[in-house]
Each structure stands twice: as structure tokens, then as C-alpha cells.
Amino acid sequence: MVMQQYLLTYTGVVFALYLHHIIRAIEVPLDPNIQNELPQPPTITKQSVKDYIVDPRDNIFIDCEAKGNPIPTFSWTRNGKFFNVAKDPKVSMQRRSGTLVIDFRGGGRPEDYEGEYQCSARNEYGTALSSKILLQVSRSPLWPKEHLDLVEIDEGSPLTLKCNPPPGLPPPVVFWMSSSMEPIHQDKRVSQGQNGDLYFSNVMLQDAQTDYSCNARFHFTHTIQQKNPYTLKIQTTRGVMETTPSFMYPYGTSSNQIVLRGVDLLLECIASGVPAPDIMWHKKGGELPTDKTKLENFNKALRITNVSEEDSGEYFCLASNKMGSIRHTISVRVKAAPYWLDEPQNLILAPAEDGRLVCRANGNPKPTIQWLVNGEPIESAPPNPSREVAGDTIVFRDTQIGSSAVYQCNASNEHGYLLANAFVSVLDVPPRILSPRNQLIKVIQYNRTRLDCPFFGSPIPTLRWFKNGQGSALDGENYQRHENGSLEINMARKEDQGIYTCVATNILGKAENQVRLEIKDPTRIVRGPEDLTVKRGSLVRLDCRIKHDSTLKLTVTWLKDDTPLYIGNRMKKEDDGLIIYGVAEKDQGDYTCVASTELDKDSAKAFLTVLAVVSAPTNRMTALPKERPERPRDLELTDLAERSVRLTWIPGDDNNSPITDYVVQFEEDKFQPGLWHNHSRYPGSVNSAVLRLSPYVNYQFRVIAVNEVGSSLPSLPSERYHTIGASPEINPTGVQGAGTQKNNMEITWTPLNATQAYGPNLRYIVKWRQRDTRESWSNETVRTTRHVVWNTPIYVPYEIKVQAENDFGRAPEPDIIIGYSGEDLPSVPRYFRIRQPNLETITLEWGHPEHPNGILTGYNLRYQAFNGTKTGRTLVETFSPNQTRFTLQRTDPISRYRFFLRARTQVGDGESIVEESPAPLNEATPTPAYTKNHVDIATQGWFIGLMCAIALLVLILLIVCFIKRSRGGKYPVREKVEVLDHEDHKVDDPSFDYSDEDNKEPPGSHTSLDGTIKQESDDSLVDYGEGGEGQFNEDGSFIGQYTVKKDKEETEGNESSEATSPVNAIYSLA
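What counts and what doesn't
- The residue numbers shown here count from 1 along each chain, following its written sequence.
- Reporting in this predicted model follows two pLDDT cut-offs: at least 70 for local features of residues, and 80 or more for side-chain atom pairs to be given and counted; totals over whole chains, interfaces and linings ignore these cut-offs and use all residues.
- Each side-chain value is worked out from all heavy atoms of the structure, with water and hydrogens disregarded.
- Where helices and strands are cited, they refer to DSSP runs of H or I of at least four residues and of E of at least two residues respectively, numbered from the N terminus.
- What makes two residues a contact is simply this: any of their non-hydrogen atoms within 4.5 Å.
- By this definition, two strands are paired if DSSP reports at least two bridges between them.
- Think of each axis as a best-fit line through the C-alpha atoms, taken over the contacting stretch in the case of a helix, with angles from 0 to 180 degrees between the N-to-C directions.
- The term salt bridge refers to a pairing of a side-chain nitrogen on Lys or Arg with a carboxyl oxygen on Asp or Glu at a separation within 4 Å.
- Definition of nonpolar core: a set of buried residues of the types Ala, Val, Leu, Ile, Met, Phe, Trp, Tyr and Cys, connected through side-chain atoms within 4.5 Å.
- Only protein chains enter the area calculation, which uses a 1.4 Å probe; residues under 20% of their type maximum are buried, those over 50% are exposed, and those in between are partly exposed.
- By convention in this document, the label disulfide applies to cysteine sulfur atom pairs within 2.5 Å.

Asks: What exactly am I supposed to notice about the side chain of S201 here?
Replies: Relative to the helices and strands, S201 resides in the loop between β19 (198–200) and β20 (213–218). Aside from chain neighbours lying at most four places away, what touches S201 is P158, K188, R189, M248, A271, S272, G273, A276, P277 and K300.

Following this line, the structure appears as C-alpha cells:
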């Protein structure tokens, strides 16, 4: 059949009617009045992505929106079964939408709602389906506990440090750092593989200067988990032997890789060797695609973006150093999830018409096509005699009212699937004319013109044109009928003037409209200005006689050197020309007369030459006083258009000082009545200007003249001119989002002014959502300049958009601005280390808080010295947010210090972390680093062993003393000592050293480290004897004489022995 195509347009309403073989489809016009009247099956307009991962801390929104007439209703299935939303109090659907909302503010586990969801939108004309949405909750599992042994390796050997991060959802981002959070330097010798492992092509001595910890950053929770660090011990040799390259990843000489069409292909080769090898990439039988190839990770990785079938083949990497080279071949096969070749489109048919739906998809392997109707397999749907399924095509013949339905095409293979909805709507609509009725078209004689008559109907109407009620349709060389229904007149003549009627007809009726065409005479300058040469000071007349159509308004303007001419006091504008009095040198130039109407214009140009006079007359004006100019007068508005108007004025007297500028001001009476604003500024040589206007403003203008003395009074206002409205063209500026409390975010902006509103009822659509999440936008429409979002997490980034809207429509899509919710107090610093390198200084180091909860503004450190129960005054230091180290100069080497460290945000100081400097065990030996995780000395093995040895030694000594005392019997020493003590007044030392001939150890004595016995008393029985030995009679009583020992050196020796006593050492440690 002959293909016919009709394209109808009117004021942005576009629709198509076409016939191709057995297809005859109608696109409904975008006119809302028509769309709201016609029945339409549902169409899915918004849905969540197929693989939908959500944050467990937030409520869950599963999008499903659709349009149709009547408005569709929605239902859901979960894991293939009906999901009863009403039975679960946590689940609801948004109003006039099918979007599911699962609210966890009252508790609940998001994991309980994981599964495969599918939305159905139905009305009486059919059912549309969303894609199957796999809902999964993000997971950030902890790193499994493990003990990593010291890694001992020879210098020059290759090494792989395994990462094996916990399997998060989505997978975490892996990176390597030291335990002190310093990044690991990477180069062609040391680099991280795509699997997260850290590869050393060869180990060097400096690699042992740090430890290596694998870190995993999880997307949704914004948390970083750190694996226990690896510590290296490098075994050095006299010389490192140079070696040929060997592949560390992948293994062997060849491997295979499968990649899906449309994604990025990433190939990786990591090699060991001394020196570290260089990697080069090649493709067998061809060149690498330079436009989408990128080398990464020091040439160890090859990335090919947006892979297609032609990227299949064999790639090989070549690893080489000065000792040799090796290669690894990777065979790449490109598979493909289904992709559309012909996606089925909505089909609108008239009764008894034919049509077809085509669903063609490709993939590797080739996808299978399954048809559904209203969500059910087409095989099990009620029979339809007008429908025939032929593989990827459904053919409709002789369709009837009531055959409307929504068809789904599912194209699937092992790598994925596509689901498309296309409705078939059978309409019977009488013809309708879409253009305004009784239009008036004016055209200049002999010009081309077009009469529009857009129409719609089902079946597609036929359109014919008639003139002045004549019975036959218009035809002939001067008329051309377009496929969109318009009638074009190639050359409009006087006899073409009249009333034209367009008639649209189908089997259900007809519709008609009239267009009146008026032919106007052209505007012509019958006598224009001529080139003139005149003397300065003379009078000049420039002619401009015009003939025009009397029914059209004529406007005459003059230009000088192609800019609007300022008509000053020396000039006079007449109906048929321009007069210049007292011509001066500045008047020389091109003069153009422009005659214009709303339909056409004409112009004529001439050049004026001014000759200088030898004896110029004396300028009497120089002696006159200069004053501000008189105000302009007789303001006139012409050339009225939607976005512009021409303002013309008559200048006032310049009062002996030439006018240099004109300032045009405007006032509007909607937003700021009575307030005048500067609109534009023009040179003093002009008295007419085209003013650019904004929509929906009721303008009134005035003009102020300026000379070197000052400004004139404003002119009297012009008449008002009200421009028609339009949707805003710009959005608010200065959009910001910041928290005023820890659980909110205040969004503010600079509002549009009166000339930017463009229409009534200006309002702002505020949208926000957390950044880097897949949640849908929240929105609120306000008329103020701020909006507060409550119940926000602490200090998280938000994407913010503020869009202007009035009754005519919305502004363009606004840019996204990043704002932040409210801040809170920060957590404690991640660690706090105290180092005492000597007796004069103490060094403090700390880490940034794990949860800053805002922008860190600094740190506060309070500290005080203490010695036992005595404390010094509290001192305070403040640090910038980037400073994490402080050195304290000690005031004395004995006192210890207690430190209180807090992080600070704009909200205030967070919780403090408290640490004390260690007491030095040996003042001559610097103490090691002291951290929060210090080791208790009482738990150390060497200390426990020492204490056990001392206790055993004391026990043995006590047993020996007990045995000796048992052998020696009882001696009434104490009584005699007490008697002699009262008699001897010359004894100054109250301590006595008791001893007997058996040298028994009295109770309560201590054994010194050198094996001597230290007495609790300095009194000695030997000191009381003559010659150093005490004498006893037969009953064991003491018969000697008391003698006080005053050997100072022995006393000092005993004191020295006591100082080294292990028991005293125990007491001092305790």
C-alpha cells in the first residue's frame, strides 16, 4: 500500500498519523483537554531499578507510577505471590501512586522485606507491569578475626599480601594503609590488584619500615573497616640477584575472560622480577581501540569501555625487564544481555483498522521472546479473533471497540531480560479542529502565506479547504495543501482576500473552522534622502516620503551611522523628512529613514558631509551658565511585542551643557508598586530605544537626562504596557542547605524578583535526597524563601534542587546543590598516644574522630601536672583541625601529667579522652610510647617470675631463722634491754642491732640482694659485749655489758643494703 504520513502541529501540539503496510496508528495530541477526554490504558511512567539495594537505616521506597484514563489502580507481588499491603502496618502506598513505602520508624528488620517485587497498574482498558525489582538490603559485615604471623621473606623475593575483604552488599571499596592511617605508596613495583591483594614484584629493605593493613569502605554506611596489619621482616643478603619476570596474576601462560556487552572490560597482569618489570598490552590480529582504551595501575590493567562484539579476541600482556620477558594471553569473549532492536510502541487504532506490534531484541545468546497481555501469558488469555501472534510480532486485523489491552514483551537470556509495555487502544473519535476559531491572517500583497488548520479524529479524518462558501475544494498552482492540513498560498493577490473554511470529516461526523485572509499594500519610501554636502551652521532637509496601507499603523524612525538618532533641539522630525538646524561637524555621517508596519518595512540611506567654515562665529554659549538639563517629555510606546517595546521621547533643553546619557527607569504595580528601578542607559545622542521586557509585568517607564552638571527631573511616566505571562526561565540563586539543629537541614535561596517571576502565583518546588543513594526525591512546594527538613541523620550530604514555578509552568531543571544536615558533638579522637623521649619533653599524638559529626573546627587540650595527691593548675591549648601533634616542655622531671583531649565542631566540644603520662622507671632511660592500650607490668611473665623467686627466698630465710631459734632457746633480752635503756642516757641512736653467738636471724628481718640480713632494729647484742662477743651464763641469761655501736660507716652500709632489697622494690612498685 502507498505510505501516507500526516504530521499535524499547532502551538507545540504535535501528533502523527501514519499508514505503513498493515499499520495505521494514531498518536493522541499533547493537548491536555483531548488527553483528559480520551480513554487510555495504563502506561508505567516511573519505576525503581531492577537491582535495588537500600540502606538499612532508612525507610524503603519502591517506585511505581503510571498514567492512564481512568486513573490506574496499583497492586504488588512479592516473590511471585500477591503482596497484601493492607495487612502490614509498616507498608503503605503513596496517594495517586503505586510507590511502596516501608516505614521502620516504629522498629522492624529491613531484611524481612527482601525479595523480588513487581508492580501492576490497571484500569478498565488493561494492565501494565513494571520490571521485576530485586530488593536487597545493604550489608557491611565485620572483618573476621584472625591472627597474622610475622611475614619473613628474603630481600628481592616476590610477595602477595592477601586482603579477602568481607562480602558486603554492594561490594566494598578496598585500599591499603598502614596502621597509623598513612597511605601505602604504590608504583610499578608495589601495587594493589583488582581483587584487593597487595603485590610486591620484589621486596626491598624499606618495605619493612611500615606495616600493611587492608581497609574496606562500605558505600551505604560510609564506614571503613580495617584488617589486622601485616608486619614484614626482610632477610638481607649480600646482593640481590636480578631475575627474569614471572606472572603473579593471572597464573600460567593463558586464561579466558567473559564480559557483557556495554560494560567495561578490565584485563590485569601483575608480574614479579628484579628489577620490577614493565607491562605492555597488545591485541592479536589488530590494534587496541584507542578511542575507548585506558591503561591503569602503572600499565598493569587495561580498561576498554563500553565493550561491543568487535572487542572479542585474544589480548596479551608482555612483562619485561633487562633479564628477559614473558607473555600471558587472555581470550576475551563478549556476551550480551538482551537489547532492543525494535521496542514495541503504543498503538492507537480506529474501529475496523489493522495494525501490529513488533518486539525485536538481540543478545548473546539470542534472547527468547514471550508475549503477555494485561500481565498474563498470551497463551492463557481469552481468545481474540482479531489477534494473531507470529513470533516477535502480533498482528491485529479488523479491530473492534473493546479490544483495548496492554501487551508486555519479555526478551530474556541467561544474562538478563527486557520488559516493555505497549498498549493497543481502539478509539472512535469524531473530528476536532485544534486551532482557535475565526483567525485573522494579514499578509502583504504578493507575499507567501499559510493558513493552518490542525485537526484530530479516529478514524483519521479527511481535510478539505473552501473559499467564501464555494462548493468545490481549492486547487490549482497558487494553492498547496500540506500533509499537516495547512493551506499555503504561494503569492497572495487582492483576489485571494476572503474567508477560508477547513472541513475535517470521518465516518463519525465533521468539524470545520474559518480563517479570514486580508491582503495589505506594501510599505514603500517613494522619495528618500539624498547625499548632501553643506557648510557648517547651515540648514539641512533630508526627505523621506512614504506610501503605505492606510489600515496599518506606520512608524518612521531615523538612524545615524546605523544607530538610533537622537532628535535634539536642533532637529525636527516631520511626516515627510528630517530638518537639521545649525549643522555642526558632529552631524556628518550616514542617515537612514526606516518606515515600518506590523507586516513589513522599507528604508533609504544618504550621506551628509559637513564642510568647515574658515572664520567660525564666536560661540556665545560658552559664556552662558551651565545647568542640569530639562526633563524629557512626550514619552511614546510603539512596536509592541511580547518581549520588547520601543520607547521614544523628546529631549528637554540641555541648558548649555550637552546631554551625555539617558537613563530609562521602570515601575511595576504587582510586587513593588511605586518603586522605580533602572532599566537601561543610552547615549545622549539618541531619543528612541528598544527595551527588552520580561513576561507578566505591568510596565510604566520614565526617562532621566544626564549632563556634566547632573541629572534632570524624571519625565512624566509613559502609559502602562502589560506583557503576557510565561513560565520562569531561571531558578533561584544562592541555594544553600545547612543544619540549624542536629536533626534538621534548612534550605534557603534568593527569590526571583518581579521581572523574573514571569507569571502569577510564583512558588518554589524544593527537592532533596541524600547524596550517593538511590532513594527517590522528597519534595515540597513553598511560597517562602526557606524550607526546613526535619529528622535528618547527623551531618550527611544532601542533593538539593529548588525550581521556580508559576501558573504558566516550571523553570528549566535546576542544578543540583550539595548541602549538609545539622552537626553534632564529635566523638572522641580515634587514638591518643603519649611519648616521653626524654625528661624535658612529652610528645602527644592523636587521630581524628571516627565520627566527626560535622566540620571539625579544632581540638581542645587541658592538662595539669600532679605528684601523688598534689596537682598543679590546669592549662589549656587549642589546635587547628589539621593539627594532630603537640610537644609539651616539662617544668620538672618528677611530676606526671594528666591530659584531657576533646575534638570540636561548630556545635561544641565532644567527649574527652583522658590519659596520663607514665612514671619513669629509670630517670636516666627514656620511656617508650605510652598509649591507651598500654601493657600492665603485673601481667608480664618476667615480673611474675621475679616475684615468685623473691617470695621463695624469703620463705627459706624464715625457715632457717625458725630452726636456729629453736636450737638456741629463750633469752630474756627484751627485759634487760628495757632496764639498761632507762639507765643509759648517753645513747643517742634509738636503733639497736641484736645478735647472739649463733648469729641468729631475728624475726622481721629482711634479706638484702647481696645475701646479708637487714635487721628491723639497728641494736646489736655484739655491740654490748667486750671484744665483740656477748657472754651468757648457764641458764642462758646475758652477762655482758651493753655497748652502743656508733659505727657510722656500718650504719650507712645497712642503709645501702636496704635500698637494694627486693622486698622494698616490691613495695615501691606497688
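Asks: Help me understand the sheet that holds strand β56 (residues 571–574) in this model?
Replies: Hydrogen bonds along the backbone pair up the strands of a sheet, which may run parallel or antiparallel. Spatially, the three strands line up as an open sheet ordered β52-β57-β56, and their pairing is antiparallel. Every interior strand has two partners, whereas the edge strands, β52 (540–543) and β56, have only one. Within this sheet the neighbouring strands show an average axis-to-axis angle of 15°, counted without direction. Pairing geometry for β52 and strand β57 (residues 577–580), over four bridges, is antiparallel. Within β57, the residue paired with V540 across the bridge is I580.

Asks: When you look at the pattern of salt bridges in this model, what are you seeing that I'm missing?
Replies: Side-chain pairs of opposite charge can arise where the charged atoms are in close proximity. Taken as a whole, this structure holds 51 salt bridges when the rule is applied. Here D634 ties to R633 by a salt bridge, and the two come within 2.9 Å at their closest N and O atoms. Here the residues in one salt-bridge network are R527, R541, D543, K572, E574 and D576, joined through shared partners.

Asks: What is the right way to read the nonpolar core from this model?
Replies: The tendency in soluble globular proteins is for nonpolar side chains to be buried side by side. Core analysis: the biggest nonpolar cluster contains 33 residues, and I62, W76, L100 and Y117 have the highest contact counts within it. The set of elements that each furnish at least two residues to this core consists of β5 (51–54), β6 (60–62), β7 (64–69), β8 (73–78), β11 (100–102), β12 (115–123) and β14 (133–137). With 21 residues, the next largest nonpolar core counts Y566, W649, V664 and V686 among its residues.

Asks: Would you mind showing me how to read the state of the cysteines here?
Replies: Enumeration over the complete set of coordinates arrives at six disulfides. There is a disulfide in this structure between C544 and C593, and the S-S distance comes to 1.8 Å. Looking down the S-S bond of the C544 and C593 bridge, the torsion is -65°, so its handedness is left-handed. A residue pair is termed long-range when its members are at least 10 positions apart, and C544 in the loop between β52 and β53 (545–547) and C593 in strand β58 (residues 589–596) qualify at 49 residues. A single burial state applies to C544 and to C593, both of which are buried. If you count the bonded cysteines of the protein from the N-terminus, they pair up as 1-2, 3-4, 5-6, 7-8, 9-10, 11-12.

Asks: What should I look at first to understand the sheet that holds strand β68 (residues 744–750) in this one?
Replies: Within the open sheet, the three strands sit side by side as β67-β68-β71. Their pairing is antiparallel. The open sheet has two free edges, formed respectively by β67 (733–738) and β71 (786–790), since each of these has just one partner strand. Ignoring which end each strand starts from, the neighbouring axes of this sheet average 10° apart. In this structure, β68 lies alongside β71, joined through five bridges in antiparallel fashion. Bridging across to β71, N744 finds its partner in W790.

Asks: Is there a simple way to explain the pairing of strand β34 (residues 360–364) in this structure?
Replies: Looking along a regular strand, one sees the side chains alternate between the two faces of the sheet. On β34, burial follows the alternation: A361 and G363 on one face are buried, whereas R360, N362 and N364 on the facing-out side are not. Here four bridges tie strand β31 (residues 324–342) to β34, and the two strands are oriented antiparallel to one another. Across the sheet, residue A336 finds its bridge partner in β34, namely N364.

Nothing here speaks to function; it is all geometry.
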